[in-house]
Amino acid sequence: MFGWLRHQRRFSPEGDIATLRAMKAGQRGVIVEVRGGHNLVERLAALGIRPGKRVLKVSSMLLGGPVTVEVDRAQVAIGSQMAARILVDVSVT
Amino acid sequence: MRVLLMGNPNVGKSVVFSRLTGVRVMSSNYPGTTVNYTEGRMKVGDEVVQVIDAPGTYTLDPTCEAEEVALKMLEMGDVVVNVVDATNLERNLFLTLQLLERDVPVVVALNMWDDTAHRGITIDIEKLQEQLGVPVIPTVAVSGQGMKGLVEAIPRARVVRHATRTREERWAAVGSITDSVQIISHRHHTWLERLADATVQPLQGAVIAAVVLAASFAAIRLVGESLVRYVLDPLFNTLWMPVLERLSSALGGQGVLHSVLIGRFVEGAINPVESFGILSSGLYVPLAMVLPYIIAFYLILGVLEDVGYLPRLAVLLDSAMHRIGLHGYAIIPTLLGFGCNVPAVLATRILESRRERFIAATLVSVAIPCASLQAMIVGLVGGFGARYVLLVYGTLLAAWVVLGLILHRLMKGFSPELLIEIPRYRWPLVGPVLAKLWGRVSGYLREALPVILVAIVVINLLYAAGIFDAVTGLFAPAMTRLLGLPGESIPALAIGFLRKDVALALLAPLALTAGQFVVATVVLAMFFPCVATFAVLLRELGLRDTAKATGIMLVTALSAGAILNALL
């Protein structure tokens with residue numbers, strides 16, 4: 001349960017890997033991992049959020065609101081808890 | 001033969017359906033417009049076949065009620081027309097491959113084909129057809145292009161029966177197909193797309209939302225008021241009133257028939273609101289008071305829906321909505337509720353959990369006044385002054401927030417997070433917007449008008465039989481003590497179960513003070529859904545939860561009424 005929290009701390013936006021939540025608006029990267037149950041992985045995959053996909057973070061709302069990303073030239077809004085479970089390699093641009 | 005339309009949300013299935021069958025169904029630019037199925041008919045060759053429009057789904061492993069409906073439909077279809085968004089082939093082909101693994105013949109409609117060119121996408125249709133093993137027809141449903149070809153392809157639908165894949169295998173297969181059939185040329189963002197992105201930025205987005213909502217509200221008022229003042233009131237007064245007056249004197253100005261048709265005189269004359277005859281109030285209230293606002297509201301809502309703004313609003317409001325146990329997408333049923341609570345309760349199907357659906361449906365029934373009720377609030381409460389209208393709306397908003405906070409705290413479970421596709425902005429097309437408006441307005445006329453006329457006859461009969469007087473005597477003391485309302489307002493509240501607009505009209509002749517009118521309006525708005533909403537609540541929530549919701553409504557309405565009464 002708290003595994004992903006620890007990960008979030010270790011992978012800061014300055015490093016190579018960041019969570020989608022921690023990324024800055026306008027930052028690009030490639031998804032490397034989606035940490036979550038079968039159901040979550042499936043729902044995210046259906047919207048193009050799966051390993052290997054290039055993403056552009058468009059925005060995140062204040063107060064822990066949702067994160068908007070662009071993937072496959074289409075936009076998806078993702079709750080911030082989910083966004084914290086999506087790991088992105090930000091060294092590839 | 002049954003033809004089933006299936007595909008991801010917001011790919012235009014409902015538009016294809018309307019094109020094929022001529023049956024008009026709601027279509028908008030946001031995922032989840034269709035939450036139920038619609039049937040229609042069309043001709044394939046010489047055979048008349050049934051066509052079914054199913055809710056959109058990303059996968060055949062459903063994650064919400066609307067997707068479950070789609071999956072159930074699959075068992076009924078003899079042929080599946082898989083509608084695919086050509087501008088997002090990769091995402092859409094996952095469902096296509098799932099369908100091809102099943103024992104059902106499939107044709108693929110490659111919709112929004114016109115959008116591919118300027119988005120720098122080239123798709124080799126021949127090759128795609130070869131790889132999938134079923135006919136692939138490019139279509140542009142909004143203009144009708146490719147529809148003939150699609151119909152001709154239906155008899156050629158094929159069962160491919162791919163071996164069942166795991167999810168990873170399926171995504172890999174999707175990847176290799178798109179790699180071989182699709183070329184995407186890179187292109188830079190246009191300034192329009194940059195502007196579009198501003199609507200989901202926290203600060204610019206909030207400013208834009210405030211402007212959009214204020215402009216929508218102003219536009220609804222402008223259209224509604226203009227229709228009343230310059231079209232319907234003059235029509236009623238110059239054309240219809242003389243007819244009523246002549247009829248009234250022909251009937252001798254009294255008698256049973258006179259009171260049913262014309263109603264009673266108010267200050268010696270026929271009053272379009274207060275007389276309560278079928279031909280006076282029965283026509284004036286629904287056609288000259290309510291209809292203009294129905295037209296105004298649905299015109300503006302239709303434009304917002306087709307532009308694709310609503311999902312952005314959901315993103316902006318998500319954090320706030322979580323505090324009342326919902327996520328941002330619940331704003332869609334809520335907004336629909338300002339038109340009519342019935343489609344609003346149905347639209348809660350786009351929410352994932354039963355808990356969210358209960359909270360959303362209860363909040364809509366309690367605190368969201370439908371367009372009919374709002375028209376009467378503006379028309380009648382507005383007569384006392386604009387601040388009383390604001391007081392009614394303020395109370396409803398406060399009830400929405402407070403009740404939401406309480407329900408969120410008391411109910412077990414948690415609210416799932418937002419996860420939605422945000423559609424591209426589109427220019428609303430005049431034809432589709434007007435067609436949708438007509439669908440909704442004619443729905444109002446078909447469903448509301450008969451109920452209003454029946455309600456007026458019932459009211460007249462109950463008054464004549466003295467039943468209202470008996471009921472009034474029974475409840476009057478409690479009513480007066482708790483809400484400060486005279487016993488005569490009880491029949492109006494009771495009729496609220498049939499139609500709230502008629503109920504408010506019944507309050508008009510009672511000589512209530514402004515404060516009493518506000519209390520009565522608030523109680524009427526909150527305490528019970530109209531019969532149509534009640535029926536759909538029963539169907540969607542089941543008996544137990546509907547009973548629970550009804551209890552909540554009664555308690556909330558009486559508390560709000562009592563508090564207002566104490567304050568005013």
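From a predicted model like this one, the values you see are computed outputs, not experimental measurements. Starting afresh in each chain, residues are numbered from 1 along the sequence in its written order. Following the order in which they are written, the chains are lettered starting with A and the ligands numbered starting with 1. For this predicted model, a pLDDT threshold of at least 70 governs which residues receive local features, and a threshold of 80 or more governs which side-chain atom pairs are given and counted, while totals over whole chains, interfaces and linings are taken from all residues.

## Overview of the sheet that holds strand 4 (residues 67-71) of chain A
In step 1: When DSSP locates at least two bridges between a pair of strands, those strands are taken to pair. Elements are defined by DSSP. Helices are runs of H or I of four residues or more, strands are runs of E of two residues or more, and each kind is numbered from the N terminus. With antiparallel pairing, seven strands are arranged side by side in an open sheet as 1(A)-6(A)-2(A)-3(A)-4(A)-5(A)-11(B). Strand pairing shows two members of the sheet lacking a second neighbour, strand 1 (17-19) of chain A together with strand 11 (419-422) of chain B, which therefore form its edges. Averaged over all adjacent pairs, the angle separating strand axes in this sheet is 40 degrees, with direction ignored.
In step 2: With five bridges connecting them, strand 4 of chain A and strand 5 (residues 74-78) of chain A associate as antiparallel partners. Looking at the pairing, A:V69 lines up with A:V76 of strand 5 of chain A. Only the stretch in contact is used when fitting a helix axis, every axis being a line fitted to C-alpha atoms; angles between N-to-C directions are given from 0 to 180 degrees.

## So, helix 2 (residues 65-74) of chain B
In step 1: Between the buried cut of 20 or more and the exposed cut of 12 or fewer other C-beta atoms within 10 Å of a residue's own C-beta lies the partly exposed class, and all C-beta atoms are placed from the backbone. Those residues of helix 2 of chain B that fall on the buried side of the exposure criterion are B:E65, B:A66, B:E67, B:A70 and B:M73.
In step 2: Tucked into the core, helix 2 of chain B has its buried residues touching strand 1 (2-7) and strand 3 (47-53) of chain B. Any residue pair is listed as a contact if its two C-beta atoms, each placed from the backbone, are within 7 Å.

## Digging into the nonpolar core
Grouped burial of nonpolar side chains is what soluble globular proteins tend to show.
Residue and element names in this part refer to chain B.
In step 1: Ranked by internal contacts, the top residues of the largest apolar core, which has 182 residues, are L5, A109, A314, V523 and M526.
In step 2: Sorting elements by how many residues they give to this core places helix 11 (residues 281-307) first, with 14 residues.
In step 3: For the domains described, the bounds stem from an automatic or database domain assignment. Both of domain 1 (2-184) and domain 2 (202-567) provide at least three residues apiece to this core.
In step 4: Setting aside residues no more than four positions away along its own chain, L5 makes contact with K13, V16, F17, V51, I52, D53, A54, V81 and V83. Each nonpolar core consists of buried Ala, Val, Leu, Ile, Met, Phe, Trp, Tyr and Cys residues. Their C-beta atoms, within 7 Å, join them into a set.

## Let's talk about unusual backbone geometry
In step 1: In this structure, A:D72 takes a positive phi of about 55 degrees despite not being glycine.
In step 2: Classification of A:D72 by C-beta neighbours within 10 Å gives partly exposed; the count is 19.
In step 3: Although it is not a glycine, B:R161 adopts a positive phi angle of roughly 55 degrees.
In step 4: Within the secondary structure, B:R161 is located in the loop between helix 6 (147-153) and helix 7 (167-181).

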